[in-house]
Every structure is written in C-alpha cells, then in structure tokens.
Amino acid sequence: AQVDYEGLDHAQIVAGKFLLPFGLFGERLHPTWINKLPAMTSLFGMDHEGVPYNSLFPVLSDLGAMIRVAAPLGDGGWYFNGSAYVAQGPSLADEDAAGESAEEPGYIDVPAPQLAWGRSFTDNNKDKMLGGRIGVVKGPSFEAYVSALHALYDPEAVMDVWATALSLEWRHAGFQLLTEGALLAQDFENDAGDPKTQNRKAFYTEVSNRMGSWEPVVRVNYIADATVDGESVSGHQRTVIAGIDYWFGPSIPLKVAMVFPQGLKNRLAIQWAFGF
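Thresholds applied
- Residues numbered from 1 in each chain as written.
- Predicted model: local features only at pLDDT ≥ 70, side-chain atom pairs only at ≥ 80, totals over all residues.
- Heavy atoms only, no water.
- Helix = DSSP H or I, 4+ residues; strand = E, 2+ residues; numbered from the N terminus.
- Rg over C-alpha atoms; globule rule 2.2 N^0.38 Å.
- Buried < 20%, exposed > 50% of the residue type's maximum accessible area, 1.4 Å probe, protein only.
- Areas by Shrake-Rupley, 256 points an atom, 1.4 Å probe, with all protein chains shown as cover.
- Phe/Tyr/Trp six-rings, centres within 6.5 Å; stacked < 30°, edge-to-face > 60°.
- Pairing = 2+ DSSP bridges.
- Core = buried A, V, L, I, M, F, W, Y, C linked by side-chain atoms within 4.5 Å.
- Contact = heavy atoms within 4.5 Å.
- Salt bridge = Lys/Arg side-chain N within 4 Å of Asp/Glu carboxyl O.

Caption draft 1: Molecular detail of the overall build of the protein chain. Check the secondary structure of the protein chain and you find 2 helices and 21 strands. For the protein chain, the C-alpha radius of gyration of 19 Å lies close to 19 Å, the compact-globule estimate for 276 residues. With the principal axes as the frame, the protein chain shows a C-alpha extent of 60 × 50 × 35 Å. Within the protein chain, buried positions represent 44% of all 276 residues. Total accessible area on the protein chain is roughly 13,600 Å²; 60% of this is exposed by carbon and sulfur atoms.

Caption draft 2: Molecular detail of the packing of aromatic side chains. Across all of its chains, the model carries 12 aromatic pairs by this definition. Where F22 meets F57, the ring centres are 5.3 Å apart and the plane angle is 65°; that geometry is what we call edge-to-face. Note that F22 is positioned in the loop between β2 (11-19) and α1 (25-29) and F57 in strand β6 (residues 57-58), a separation of 35 residues in sequence. The pair F22 / F57 is uniform in exposure class, with both members buried. Relative to Y246, the ring of W214 lies with its centre 4.8 Å away and its plane at 65°, an arrangement referred to as edge-to-face. Here W214 is found in strand β16 (residues 214-223), whereas its partner Y246 is found in strand β19 (residues 237-249), with 32 residues between them in sequence.

Caption draft 3: Fine view of the pairing of strand β20 (residues 252-261). The two faces of β20 differ: P253, K255, A257, V259 and P261 on one face are buried, but I252, L254, V256, M258 and F260 on the other face are not. Of the pairings in the sheet, the one linking β19 to β20 comprises 10 bridges and is antiparallel in character. Residue pairing across strands places G243 opposite A257, the latter belonging to β20. Taken together, β19 and the strand that follows it, β20, pair antiparallel across an intervening segment of 2 residues. Two elements, β20 and strand β21 (residues 267-272), share 6 bridges in a ladder whose sense is antiparallel. Counterpart to A257 in the pairing with β21 is A269. Here β20 folds back onto β21, and the loop between the two strands holds 5 residues, one of which, G263, carries a positive phi near 80°.

Caption draft 4: The arrangement of the pairing of β19 in detail. Where β16 lies against β19, 10 bridges are found, and the strand directions are antiparallel. Of the residues in β19, the one forming a bridge with V218 is A242.

Caption draft 5: View of the nonpolar core. Grouped together as the largest cluster of nonpolar side chains are 41 residues, with contacts concentrated most on F22, F57, L60, Y85, W117, M129 and L149. Only β2, α1, β8 (78-87), β11 (129-138), β12 (142-152), β13 (160-172), β14 (175-189) and β15 (195-209) provide two or more residues apiece to this core. Per element, the largest residue contribution to this core is 4 residues, and it comes from β14. Excluding residues within four positions of it along the chain, F57 makes contact with F22, L43, F44, G45, P52, W117, A163, A182 and L184. Core analysis: the second largest hydrophobic core is formed by 7 residues, L37, I241, A257 and A269 among them.

Caption draft 6: Local environment of the pattern of salt bridges. By the definition in use, this model includes 11 salt bridges. Close ionic contact of E215 with K36 constitutes a salt bridge, the shortest N to O distance being 2.8 Å. Separated by 179 residues along the polypeptide, E215 in strand β16 and K36 in the loop between α1 and β3 (44-45) bring together distant segments of the chain. K36 shares its class with E215; the two are buried. With its nearest N and O atoms 3.0 Å apart, the salt bridge here joins E169 to R171. E169 gets classed as buried once you look at its relative accessible area, which sits at 4%. A single salt-bridge network, built from bridges that share partners, covers E27, R28, R68, R133, E143, E169 and R171.

These figures come from the coordinates and say nothing about function on their own.
See the structure below:
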C-alpha cells in the first residue's frame with residue numbers, strides 16, 4: 001500500500017511500500033499483462049523470500065518515502081524525470097530462503113552472502129537505503145535513465161551494497177527497443193575474515209514489433225561472471241527468448257515463446273495473461 005500526494009505542479013510525494021524506480025522493467029513492465037514474454041529478465045526476476053534467482057535483483061519494492069519530479073526542458077518536447085527515495089533496504093537472507101533459490105535451474109552460486117530485498121517492515125539496522133533515478137523523456141518515443149542505490153545490509157551496518165543501472169527505451173510506430181544494464185557491488189568477508197568486494201553485472205535487450213494484434217518479440221538476457229579482486233568466482237549465464245504475442249485487448253495477451261538457456265534444455269513457454 002502507498003499514499004501519493006499530487007498537489008504540487010511538477011512533483012509527487014509517495015509514502016508506503018512502493019516499487020522502486022531503479023531501472024524500468026521492475027517498476028513498470030514486470031506484470032504478466034505488460035511483460036511481452038512469459039519469462040523475466042536477467043536484471044529483475046522472481047524470488048524466494050526476497051532472494052533473487054536467474055536475475056541480479058528481484059522486482060524491487062520497499063517501505064519508505066519518495067519524491068518524483070517531472071519538468072519540461074525548453075519547448076522541444078523534452079522532459080526531465082527524476083525520483084529520489086529513502087527505504088529500509090536489503091538484509092541478510094535466511095539460510096532456508098537462499099537454499100530454496102539455489103535449487104532453481106540456472107541459479108548462479110556466489111561467495112558473498114545472499115541478500116533479501118524488500119522483505120520486512122522493520123529494518124535490521126539503523127541504516128537506510130538511499131536511491132534515485134534521473135533521465136530524459138521525449139514524448140512517447142524515447143526515454144533514457146541512470147539509476148543508483150546504496151545501503152548497509154548487515155545487522156552491524158558496516159557492509160556496503162551499491163548498484164547502478166542504465167536504461168534506454170525507444171519506440172517508433174509499432175517497433176520498440178528496450179535495453180538495460182546494471183552493476184551490483186557487495187562488500188563481504190571471506191572465510192579468513194578479510195574484507196572483499198564482489199561485483200556482478202547483467203544486461204538484457206528486447207526488440208518487438210506490434211503489427212495489429214500480433215507482436216513478435218526477442219529478448220537476450222546475460223549475467224556476467226561474478227568477480228572478486230578481478231578474478232571470476234562464478235560462471236556466466238545467457239538466455240535467448242523468442243516468441244510471438246496475440247493481444248485480445250490492451251491487457252489480455254496470449255504469449256508463446258521458445259526459451260534457449262545456456263547449459264540447460266530448451267523449453268516452450270505459453271502464457272495467457274489478464275490485467276484488471
């Protein structure tokens with residue numbers, strides 16, 4: 001639940017539990033009646049108790065407060081779009097939740113502790129997560145954003161986690177190009193008690209072309225090797241998804257797609273979604 005105050009000319013104030021404006025897919029595009037494929041992306045995916053699998057993040061939501069600003073940039077139809085928020089932030093995941101994630105096909109094991117995002121209404125430490133997103137918008141045809149967040153995730157509030165993302169969306173007639181990339185850096189201690197930083201990167205690119213009620217879609221997901229001190233500590237993951245949608249209405253798509261995951265069996269996915 002969230003409360004929005006819209007009495008300002010170019011700003012909106014939000015409080016409660018809301019979707020975080022980090023990137024685009026998690027905040028705007030993940031619902032099944034909006035997502036053009038019957039699968040999630042490498043940046044934002046499904047989760048067990050806030051712990052993501054097959055993706056860098058779960059769909060990010062958290063308890064806090066946010067201000068959003070939109071203002072014209074001259075007379076050329078360009079707009080500035082910005083958001084800033086303070087929220088509870090991630091915490092260390094329960095071993096059971098991390099274990100369930102590790103059983104999922106394609107799950108990538110990494111040495112840093114698993115994080116759980118947006119799980120509780122009580123914070124596990126005195127630190128708060130700070131984040132924001134700024135970008136430019138040109139009518140319905142173009143959007144580009146830079147996002148960032150930072151938090152201390154352990155009970156002692158000494159271990160950092162920070163992330164940045166770049167997002168681009170371009171539309172022309174029925175054609176749409178959507179691409180996002182992100183970096184997630186997490187401090188942790190190795191088995192010897194030495195401080196380390198784990199870096200993980202991921203991106204996806206999606207291309208679609210709406211032709212009447214039909215819409216072919218292709219998405220490439222990629223999660224790079226996790227690294228510590230410049231050395232790889234996990235394998236990478238690549239998945240290609242190709243499908244076609246039939247839109248019975250603006251929020252009623254029937255989606256059929258072939259999923260080609262690296263190192264796993266190919267599969268056929270079919271989904272009929274309804275938006276209310």
